[in-house]
Amino acid sequence: MTNTTITAARSGVPRDTILSGDCIEAMRGLPDASVDLVFADPPYNLQLKGTLHRPDNSLVDAVDDDWDSFSSFRAYDEFTSAWLAEARRVLKPNGALWVIGSYHNIFRVGAKLQDAGFWILNDVVWRKSNPMPNFRGKRLTNAHETMIWASRGEGSKYTFNYEALKALNEGTQMRSDWVLPICTGHERLKDAEGQKAHPTQKPESLLYRVMVGTTNAGDVVLDPFFGTGTTGAVAKALGRSWIGIEREESYRKIAEERISRVRRLEAGALAVTQSKRAAPRIPFGQLVERGLLRPGETLTSMSGQRAAKVRADGTLVADDMTGSIHQVGAALEGAPSCNGWTYWHFRKDGARVPIDVLRQQIISELGPRPN
């Protein structure tokens, strides 16, 4: 991993690299349509006044850094419009963007995002299972942040691994409210003095869900507000390439060390559940062409009470009827329809095995479909 300046040439994409400097200038050095996903955690413009103390009078480590300070809402809006314009330029036509914020900024960012031409797909509420208490007792405890997921434009295609997120959620459709803890314990990075290395470090579980759900292995993920490198760490583990932009040297050093310790998962572990619509269509005749089943071979129903023979053209014949695996199965059962892939079985090692096993074998050999 190398540290690159904002003069990165547009002739190539600096993968797995932290670019130093202003995020807008650094993005201007990236090629058009060069990244698959942008995950942005911009300054929240918290407008904090004074210091904040706990009931025991200890000081709360709040966000009071210069990078979170803007002279006015107008200045923040201009900054937001500028970085969103560059983010949209570097996104591929089928790319998408996630941006996270609090009530201080997310509504302003959402408006500018729409002004820039993005198309909002979802707003996702990250509900913190262990939020910081409200020490002043003058407002509700702020227990969530909001993320906006948007495609590059209306009608744009985008990656959505619906079945993978459903599997991640124990077979239940993933909702737009995510209950995940904030960084604590071993995940919270500390500086040399034992203090928080970054005041708004995001949990890896949040980025994990975003990347599993909306990217594929090999995709390029850009984080223009890289901080201590959560995006890069998760991307590396999941077999995605990443580009980080960070102007603070102390954060870059922490991020580099952190990511260097991450081990990329084995290729076989990176596959996720695909929707049936995304799976390639395999005709039954292809099993015959490839010799997985031979003309004249007998197939039986799961019960063994029905039988049909395979013909050279990929149809079946049973008694006086011929047709596809679905048509013959339905006719034999007197049913309006039949899933022939699960209905018909062949013999393997003395056991009846559904022919769908052979179809899945071919699908796995083809690999994932391109976006």
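Everything here concerns the structure above.
Conventions adopted
- Residues numbered from 1 in each chain as written.
- Predicted model: local features only at pLDDT ≥ 70, side-chain atom pairs only at ≥ 80, totals over all residues.
- Heavy atoms only, no water.
- Buried < 20%, exposed > 50% of the residue type's maximum accessible area, 1.4 Å probe, protein only.
- Helix = DSSP H or I, 4+ residues; strand = E, 2+ residues; numbered from the N terminus.
- Polar contact = N/O pair within 3.5 Å; in protein donor to acceptor, adjacent residues only side chain to side chain.
- Contact = heavy atoms within 4.5 Å.
- Pairing = 2+ DSSP bridges.
- Axes fitted to C-alpha atoms, helices over the stretch in contact; angles between N-to-C directions.

We now examine helix α5 (residues 204-214). The element α5 is largely enclosed, with a buried count of eight among its 11 residues. Along α5, the residues that are buried comprise Leu206, Leu207, Arg209, Val210, Met211, Val212, Gly213 and Thr214.

With that settled, the discussion passes to the side chain of Asp223. Mapped onto the elements, Asp223 comes out in strand β8 (residues 220-223). One polar contact links the side chain of Asp223 to the main-chain amide nitrogen of Phe225, over a distance of 2.9 Å. Filtering out sequence-adjacent residues up to four positions away, Asp223 remains in contact with Phe39, Thr231, Ile243, Gly244 and Ile245.

Next up on the list: the sheet that holds strand β15 (residues 351-354). Within a sheet, each strand pairs with its neighbour through backbone hydrogen bonds, oriented either parallel or antiparallel. One open sheet accounts for six strands, arranged β13-β12-β11-β10-β14-β15; its pairing is antiparallel. For this open sheet the edge positions go to β13 (321-323) and β15, each flanked by a neighbour on one side alone. For this sheet, the mean inter-axis angle between neighbouring strands, taken without regard to orientation, is 40°. Pairing between strand β10 (residues 298-301) and strand β14 (residues 344-348): two bridges, direction antiparallel. In the sheet register, Thr300 faces β14, and the bridge partner there is His345. Lying over the sheet, helix α9 (residues 325-333) contacts β11 (307-310), β12 (316-318), β13 and β14, oriented at roughly 145° with respect to β13.

Right, let's get into unusual backbone geometry. A positive phi angle, close to 55°, is found at Glu170, a residue other than glycine. Within the secondary structure, Glu170 is located in the loop between α4 (162-168) and β7 (177-180). Even without being glycine, Asp349 reaches a positive phi, approximately 55°. With respect to the secondary-structure elements, Asp349 resides in the loop between β14 and β15. Exposure remark for Asp349: the relative accessible area of 78% places this residue in the exposed category.

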